[in-house]
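Below, each chain spelled out in residue letters.
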Amino acid sequence: MERIQVFAILASAAVCIVIVELVRKKKLMEKYSLIWIFSTVILITLSLWRNFLERLADFLGIYYAPTALFIVLSFCGLGLLIHFSIAISTLTEQNKILAQEVALLKNEVQTINESEAPESKNVRYKRTSNEQE
Amino acid sequence: MSKSKGLIIIPAFNEENNIGTIIKEIQNCRINFDVLIIDDGSTDATAEVARSHDVPVVSLPFNLGIGGAVQTGFKFALRNGYNYAIQVDADGQHNPSEIEKLFEPLKEGEFDVVIGSRYLDKNDYQTTFFRRVGAVIFMGLNFLTTGQKIKDNTSGFRCYNRRTIEFLSKTYPDDYPEVEAIAVLGKNGFRIKEIPVRMRSRHSGSSSITNLKSIYYMIKVSLAILINVFRSKEMK
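A.B. asks: Quick question: what am I supposed to make of the overall build of chain A here?
C.D. replies: When helices and strands are tallied, chain A shows five helices and zero strands. Scanning chain A from its N terminus toward the C terminus, one meets helices and strands in the order α-α-α-α-α. Scored against the burial criterion, the 133 residues of chain A give a buried share of 27%. Partitioning the contacts of chain A with sequence separation of at least 6, the portion at a separation of at least 24 is 49%. As displayed, chain A has an accessible area near 9,800 Å², and 68% of this comes from carbon and sulfur atoms.

Below, the structure is given as C-alpha cells:
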C-alpha cells in the first residue's frame, strides 16, 4: 500500500467520523450529511480498491493512479458546493416568503388594533409596557 | 375602502425625503384608488413619514429588494380583494396624474398589464447612451424569446389586473425584476399594452442602479430572459 493511499483512507475516514459525530450531536441534519457520507465512502472504496482506481485512471488517460483519486475528490467537492447553493437558494426564497408574511400580518394586527380601540395609540402603548413588565 | 377598485403600490427603501411628496401628489389627484406603501426595511423615517400622511404601511423586517417588496404589495392586493394594482416608484419619477391613463386599457378587459413607456413617443426624456443601448438589448431579447415588442422594458410604472396579481404573487423575480417580469408574463400568455408616459427626474437621492452595478444588471437580466425560454409555462 502506497503512502498516499494510506493518507487518503485515513483522511476520508476522519471526515466520515466527524460527519457522523455532528449528526449524532444534532449539529448537522441527516439530510445534509448524506452527500458527505456518500462522498467519503466513494473515496475510501477507491483508495482500497486500487485495481478499480487504476482502470479508472487508465480510462481517463491518467498515468499515476492516485491522481484519479483527486479528480474524483474534486467532483465530490463540486457536488457538495452545488448542493449548498441549492440549499441557500431554497432558504433565501423561504426567508423572503416569511418576511413578506410577517410584514403583512404586522399590518393586519395594527389595523385590527386600531379598529377595536379608537384611542388606539394609548392602548398600544399600555400593551407594550405590560409586556415589558 | 372601495375594494373593487385599485391599489397603488409604492415600494420605498430609505425614501423619507420623497415619500411625502408622492403621497400628497396622489391624494391631490383625487383618484379613487387606495395607496399602500411597502417599506422595504428602511433605516430612515420612511414608514413614519408615510403613516403621518394617513396611508397604510407594510414594513418588511429587512431589505428584500424591489422585487420582494412589490410582490408583498401584490399579496396585500390579493388578500384584500383589489382588482387592480398600480406600481408607482417612490422617487417621484412617475407622475400620479397619469395613473388613470395607465388604468384605462385594463377596464375593457382586453389587456392584463399596462406599462407606462418612456420611449413610445419621441419625447424629451433625458437618458444616457448606455441606457439606450441597454433598452435596445432588452427589447431585442424579449422580442426574440417571447415575440413581444415592448419598448420600455425597465419601466416600473405599471398597472396589473386581478389575474396578473394572482400570478405575480406566486412568481416574481427578486432583484431588477422589471424586464424579467415582462418575459415571464409574455411566456405565460398575459396580454401586455404599452402606453406613452412622461417621466420626471428623481426628486432626491440617487437611482438604485449605479454604473458599477449596471454590468451585473445587464448580465443577470439577460441570463434570466434566456433561461426563461427553457422553462415550462406556469399557467395553463
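Now that the structure has been shown, the text picks up again.
A.B. asks: Looking at this structure, I do not really get the interface of chain A and chain B. What am I missing?
C.D. replies: Buried accessible area, meaning the area lost when the parts come together, often serves as the stated size of an interface. Each partner contributes to the interface: chain A provides 13 residues, whereas chain B provides 17 residues. Contact between chain A and chain B buries roughly 1,200 Å² in total, counting both sides, with carbon and sulfur atoms accounting for 52%. When residues of chain A are sorted by the area they lose upon contact with chain B, Lys96, Gln100 and Leu104 of chain A head the list and together hold 42% of the total. There are two salt bridges connecting chain A and chain B. One salt bridge connects glutamate 101 of chain A with arginine 79 of chain B, and the closest N-O pair in it is separated by 2.8 Å. A per-class count over the side of chain A that touches chain B returns five nonpolar, four polar and four charged.

A.B. asks: Is there a simple way to think about the pairing of strand E1 (residues 6-12) of chain B in this case?
C.D. replies: Taken residue by residue, a regular strand's side chains alternate between the two faces of the sheet. All names here are of chain B. When you tally the buried positions in E1, you get seven out of seven residues, the bulk of the element. By the alternation rule, side chains of E1 split into Gly6, Ile8, Ile10 and Ala12 and Leu7, Ile9 and Pro11, which are all buried. The pairing of E1 with strand E4 (residues 84-87) spans four bridges and is classified as parallel. Residue pairing in the sheet places isoleucine 9 in a bridge with glutamine 87 of E4. As paired strands, E1 and strand E2 (residues 34-39) are joined by six bridges and run parallel to one another.

A.B. asks: Please clarify how the packing of helix H5 (residues 129-146) of chain B against helix H8 (residues 211-229) of chain B should be interpreted in this entry.
C.D. replies: How two helices sit against one another is set out by the angle between their axes and by the gap between those axes. Residues and elements named next belong to chain B. The N-to-C vectors of H5 and H8 enclose an angle of 10 degrees; their axes lie 10 Å apart at closest approach. Classified by the interaxial angle, the pair formed by H5 and H8 is roughly parallel. Only Ser214, Tyr217, Met218, Val221, Ser222, Ile225, Leu226 and Val229 of H8 make contact with H5, whose side of the interface consists of Phe130, Gly134, Ile137, Phe138, Leu141, Asn142 and Thr145. Its residues assigned to classes, the contact of H5 with H8 comprises 10 nonpolar, five polar and no charged.

A.B. asks: Explanation requested: the side chain of serine 117 of chain B in the structure shown.
C.D. replies: Along the polypeptide, serine 117 of chain B turns up in strand E5 (residues 113-117). The residues contacting serine 117 of chain B, other than those within four sequence positions of it, are Lys151, Asp152, Glu194, Ile195, Pro196 and Val197 of chain B.

A.B. asks: Mind showing me how you'd approach the pattern of salt bridges here?
C.D. replies: Opposite charge on two side chains makes pairing possible when the charged atoms of those side chains draw close. Using the criterion set out here, one finds 15 salt bridges over all chains in the structure. Each of Glu21, Arg24 and Lys25 of chain A takes part in a single network of salt bridges with overlapping partners.

A.B. asks: I keep staring at the sheet that holds E4 of chain B and nothing clicks. Help me out?
C.D. replies: The strands that make up a sheet are held in pairs by hydrogen bonds between backbone atoms, and each pair lies either parallel or antiparallel. Residues and elements named next belong to chain B. The sheet built from seven strands is open, its strands ordered E3-E2-E1-E4-E6-E5-E7 with mixed pairing. Each edge of the sheet is formed by a strand with only one pairing partner; in this case those strands are strand E3 (57-59) and strand E7 (192-196). Within the sheet, the average angular offset between the axes of one strand and its neighbour, ignoring direction, is 20 degrees. Sheet topology places E4 next to strand E6 (residues 158-161); four bridges connect them, and they run antiparallel. Looking across to E6, one finds that isoleucine 86 is bridged to cysteine 159. Along the sheet, helix H3 (residues 66-79) makes contact with E1, E2, E3, E4 and E6, crossing E1 at roughly 155 degrees.

A.B. asks: Even after reading the chapter, I still don't get the packing of aromatic side chains, so can you show me in this structure?
C.D. replies: Each aromatic ring pair is summarised here by two numbers: the centre-to-centre distance and the angle between the ring planes. Within this structure, the stated rule accounts for 10 aromatic pairs over all chains. Linked through ring pairs, Phe138, Tyr176, Tyr216 and Tyr217 of chain B together constitute an aromatic cluster.

Scoring rules and cut-offs
- Residues numbered from 1 in each chain as written.
- Chains lettered and ligands numbered in written order.
- Predicted model: local features only at pLDDT ≥ 70, side-chain atom pairs only at ≥ 80, totals over all residues.
- Heavy atoms only, no water.
- Helix = DSSP H or I, 4+ residues; strand = E, 2+ residues; numbered from the N terminus.
- Buried < 20%, exposed > 50% of the residue type's maximum accessible area, 1.4 Å probe, protein only.
- Contact = heavy atoms within 4.5 Å.
- Areas by Shrake-Rupley, 256 points an atom, 1.4 Å probe, with all protein chains shown as cover.
- Buried area = accessible area lost by both parts, 1.4 Å probe.
- Salt bridge = Lys/Arg side-chain N within 4 Å of Asp/Glu carboxyl O.
- Nonpolar A, V, L, I, M, F, W, Y, C, P; charged D, E, K, R; others polar.
- Pairing = 2+ DSSP bridges.
- Axes fitted to C-alpha atoms, helices over the stretch in contact; angles between N-to-C directions.
- Parallel < 35°, antiparallel > 145°, perpendicular 65-115°, else oblique.
- Phe/Tyr/Trp six-rings, centres within 6.5 Å; stacked < 30°, edge-to-face > 60°.

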